[in-house]
Amino acid sequence: MTDKVLRWERAWFPLALMSVVSFSFLMIYYLDPSVLSGVSCFVMFLCLADYLVPALAPRIFGSNKWTTEQQQRFHEICSNLVKSRRRIVGWWKRLFTLKEEKPKMYFMTMLFTLAVVAWIGQQVHNLFLTYLIVSFLLLFPGLNQHGIITKYIGMAKREINKLLKHKEKKNE
């Protein structure tokens, strides 16, 4: 079920997803708990879920047999998780390759990137920034599934190529 919601198999799933996230963050903002209280409530919620899910899941979902369709979907989810992990490791390795091959470029890139992140962190409230990150991460599978990310990355690549071609013509 979670996979269906994250991949937006119905038109109202993104709205429901963002409603739950927004309500949760509004409650955190309204209650303004301390860090210790927030961690305590989060762990309490996990303990409650750990206790209730095994007891309620068979009653809610029934004791259906595991079908080949469910097995195939489970395999797709696992392979997508492995692909995502490989991409992250690939980016990490590229970063360290850049560090070894071009240490000055690595240093300047990291310095600039971390300065921008620090500036954004200084300008934007932590809870709002966390809300944006959580929202993006939860919407990412659906955006990817519906081709929205590919569309906008393609548009950005075309614009960058236009700028580079324009710059080359200007230099000639």
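Residues numbered from 1 in each chain as written. Predicted model: local features only at pLDDT ≥ 70, side-chain atom pairs only at ≥ 80, totals over all residues. Heavy atoms only, no water.

A.B. asks: So what exactly am I meant to see when it comes to the overall build of the protein here?
C.D. replies: Scanning the protein for helices and strands turns up 7 helices and 0 strands. Listing each helix as α and each strand as β along the protein from the N terminus yields α-α-α-α-α-α-α. Once the C-alpha set of the protein is aligned to its principal axes, its extents read approximately 70 × 45 × 35 Å. The burial tally for the protein puts 11% of its 172 residues in the buried class. When contacts within the protein are restricted to residue pairs at least 6 apart in sequence, long-range pairs at least 24 apart make up 65% of them. (Helix = DSSP H or I, 4+ residues; strand = E, 2+ residues; numbered from the N terminus. Buried < 20%, exposed > 50% of the residue type's maximum accessible area, 1.4 Å probe, protein only. Contact = heavy atoms within 4.5 Å.)

A.B. asks: Is there a simple way to explain the packing of helix H6 (residues 126–145) against helix H7 (residues 148–171) in this structure?
C.D. replies: Two measures define how a pair of helices packs: the angle their axes make with one another and the distance between the axes. The interhelical angle for the contact between H6 and H7, taken along N-to-C directions, is 75°, at an axis separation of 5 Å. As the angle between them shows, H6 and H7 are arranged roughly perpendicular. Two secondary-structure elements touch here, H6 through Phe140, Leu143 and Asn144 and H7 through Ile148, Ile149 and Thr150. Split by residue class, the contact of H6 with H7 holds 4 nonpolar, 2 polar and no charged. (Axes fitted to C-alpha atoms, helices over the stretch in contact; angles between N-to-C directions. Parallel < 35°, antiparallel > 145°, perpendicular 65-115°, else oblique. Nonpolar A, V, L, I, M, F, W, Y, C, P; charged D, E, K, R; others polar.)

A.B. asks: Looking at this structure, how should I read the pattern of salt bridges?
C.D. replies: Once the charged atoms of two side chains with opposite charge are near each other, the side chains can pair. Under the criterion given, the structure shown has 2 salt bridges. Among the salt bridges present, the one from Arg73 reaches Glu76, with a minimum N-O distance of 2.3 Å. On the criterion of helical spacing, the pair formed by Arg73 and Glu76 is a turn pair, its members being 3 residues apart in helix H4 (residues 68–101). Of the charged contacts, one joins Glu159 and Lys162 as a salt bridge, the two residues approaching to 3.6 Å between their closest N and O atoms. Separated by 3 residues within a single helix, Glu159 and Lys162 lie in helix H7, roughly one turn from each other. Exposure remark for Lys162: the relative accessible area of 54% places this residue in the exposed category. (Salt bridge = Lys/Arg side-chain N within 4 Å of Asp/Glu carboxyl O.)

A.B. asks: Help me out: how do you make sense of the nonpolar core in this one?
C.D. replies: One finds Val5, Trp8, Phe13, Leu17, Met18, Val21, Phe25, Tyr131, Leu139, Leu143 and Ile149 forming the largest nonpolar core, which totals 11 residues. Listed by contribution, the elements that provide at least two residues to this core are helix H2 (13–31) and H6. Per element, the largest residue contribution to this core is 5 residues, and it comes from H2. Beyond its immediate chain neighbours, meaning those up to four positions away, Trp8 contacts Phe13, Pro14, Leu139, Gly142, Leu143, His146 and Ile148. (Core = buried A, V, L, I, M, F, W, Y, C linked by side-chain atoms within 4.5 Å.)

A.B. asks: Quick question: what am I supposed to make of the packing of H4 against helix H5 (residues 103–123) here?
C.D. replies: Interhelical geometry of H4 versus H5 gives an angle of 125° and a closest axis separation of 5 Å. Compared by their axis directions, H4 and H5 come out oblique. Note on element contacts: H5 touches H4 through Pro103, Met105, Tyr106 and Met110, opposite Leu95, Leu98, Lys99, Glu100 and Glu101. Residues belonging to the contact of H4 with H5 are distributed by class as follows: 6 nonpolar, no polar and 3 charged.

A.B. asks: So what exactly am I meant to see when it comes to the environment of Trp8 here?
C.D. replies: You can see Trp8 is positioned in the loop between helix H1 (2–6) and H2. When the C-alpha atoms of Trp8 and His146 are compared, they prove to be 8.4 Å apart, with 138 residues separating the residues in sequence.

A.B. asks: Please clarify how the confidence of the model for the protein should be interpreted in this entry.
C.D. replies: Note that predicted coordinates carrying low pLDDT should not be read in detail. When pLDDT is averaged along the protein, the result is 87; 97% of the residues meet or exceed 70. Within the protein, the element-level pLDDT minimum falls on H1, averaging 75, and the maximum on H5, averaging 92. (pLDDT = per-residue confidence, 0-100.)

A.B. asks: Would you explain the packing of aromatic side chains in this entry?
C.D. replies: Each aromatic ring pair is described using two quantities: the centre-to-centre distance and the angle formed by the ring planes. Enumeration according to the criterion identifies 5 aromatic pairs in this entry. Plain terms: the ring middles of Trp12 and Phe13 are 4.6 Å apart, the flat faces sit at 70° to each other, and that makes the pair edge-to-face. Each ring, one from Phe128 and one from Tyr131, has its centre 6.3 Å from the other, and the planes form 25°; the classification is stacked. Taken as a pair, Phe128 and Tyr131 lie in helix H6 at a separation of 3 residues, close to a single helical turn. Exposure remark for Phe128: the relative accessible area of 44% places this residue in the partly exposed category. Above the plane of the ring of Trp91 lies Arg94, whose end atom (NZ or CZ) is 4.9 Å from the centre. (Phe/Tyr/Trp six-rings, centres within 6.5 Å; stacked < 30°, edge-to-face > 60°. Lys NZ or Arg CZ within 6 Å of the ring centre and 35° of its normal.)

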